[in-house]
Amino acid sequence: MHVQPASGPPLTEDALLDRAHAVAGHTIGELAQRAAIAVPREMRRAKGLAGQLLERYLGADAGSRAEPDFTALRIELKTLPVHEGKPKESTFVSSIELDALADTDFEDSPVWHKLRRILWMPVEADPSVPLPLRHFGSPILWSPSPSERRVLQDDYERVATLVLAGRIDELDGHLGDALQVRPKAAHGGVRERAPEGLGGYQWTGPRGFYLRPTFTAAILHAAFR
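The shown structure was predicted, so the numbers you read here are calculated from the model rather than taken from an experiment. (Residues numbered from 1 in each chain as written. Predicted model: local features only at pLDDT ≥ 70, side-chain atom pairs only at ≥ 80, totals over all residues. Heavy atoms only, no water.)

1. Thoughts on the environment of R207
- Mapping R207 onto the fold places it in strand β9 (residues 207-211).
- In the structure, R207 is positioned 25 residues away from R182 in sequence and 5.5 Å away in space, judged by C-alpha atoms.
- Ignoring sequence-local partners within four residues, the contact set of R207 consists of S95, I96, L98, I168, L171, V181, R182, P183, K184 and E192.
- A distance of 2.9 Å separates the side chain of R207 from the side chain of T204, its partner in a polar contact. (Helix = DSSP H or I, 4+ residues; strand = E, 2+ residues; numbered from the N terminus. Contact = heavy atoms within 4.5 Å. Polar contact = N/O pair within 3.5 Å; in protein donor to acceptor, adjacent residues only side chain to side chain.)

2. Quick word on helix α6 (residues 146-164)
- With 19 residues, α6 extends 26 Å from end C-alpha to end C-alpha; this agrees with the ideal 27 Å at 1.5 Å per step.
- Just downstream of α6 lies G166, where phi reads positive at about 75°. (Expected span 1.5 Å × (residues − 1).)

3. Section: the sheet that holds strand β1 (residues 76-83)
- Strand order across the open sheet formed by four strands is β2-β1-β4-β5, with mixed pairing between neighbours. A single partner strand is all that each edge strand has here, and the edge strands are β2 (86-87) and β5 (140-142).
- In the packing of helix α7 (residues 213-224) onto the sheet, the strands contacted are β1, β2, β4 (118-124) and β5, and the crossing angle to β5 comes to about 115°. (Pairing = 2+ DSSP bridges. Axes fitted to C-alpha atoms, helices over the stretch in contact; angles between N-to-C directions.)

4. Things to note about the pattern of salt bridges
- Tallied over the full model, the rule gives nine salt bridges.
- K78 is the salt-bridge partner of E76, the closest N and O atoms lying 3.6 Å from each other.
- Several salt bridges converge on common partners, so that one network encompasses R65, E67 and R74. (Salt bridge = Lys/Arg side-chain N within 4 Å of Asp/Glu carboxyl O.)

Next comes the structure, spelled out in structure tokens:
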């Protein structure tokens with residue numbers, strides 16, 4: 001099926017899914033050529049290219065704003081690199097605002113606003129396949145089940161409790177069953193303010209919430225079993 005970059009954001013979920021299904025089966029190289037976007041030769045410079053293409057073809061309109069990618073539909077767009085039927089890496093959800101985290105309920109948090117409704121677009125991630133030849137897979141429009149939401153909220157509140165207590169050093173990749181905390185900064189010199197636990201503040205590196213591959217693998221399995 002011939003596809004072209006979208007002329008505007010989709011107005012309904014069905015319209016978004018129609019666009020996503022039209023993209024499925026095409027390669028990164030095909031979509032990049034039609035959108036006049038160059039595919040970098042070096043993989044390290046190509047990070048984010050698949051998401052950039054999807055935003056162009058599906059009509060995402062949030063830009064750099066801290067909102068779901070399709071603002072009118074309140075739907076977030078996430079690529080899911082898949083190799084041998086499994087997600088290859090964790091999925092970034094949102095940056096953690098350490099200074100405000102302990103005072104923000106899960107329902108009002110940026111991470112929940114991103115997770116409430118997601119359009120997952122699998123993309124081939126076999127390292128033996130050149131980037132331009134990697135295909136997009138079939139879309140998955142997903143919202144957390146009640147049990148998944150409980151796990152996500154428990155992980156969030158566990159992190160918030162540690163931040164409030166000033167136990168920032170305990171925020172590492174081992175924490176959380178579904179939500180993982182990882183560093184999120186361009187370089188090691190970036191710092192932000194966080195509670196110290198005794199009413200004061202400390203300075204630490206920025207962090208972000210990520211979904212573990214085991215969690216996204218379950219989403220894939222449920223969608224395509």
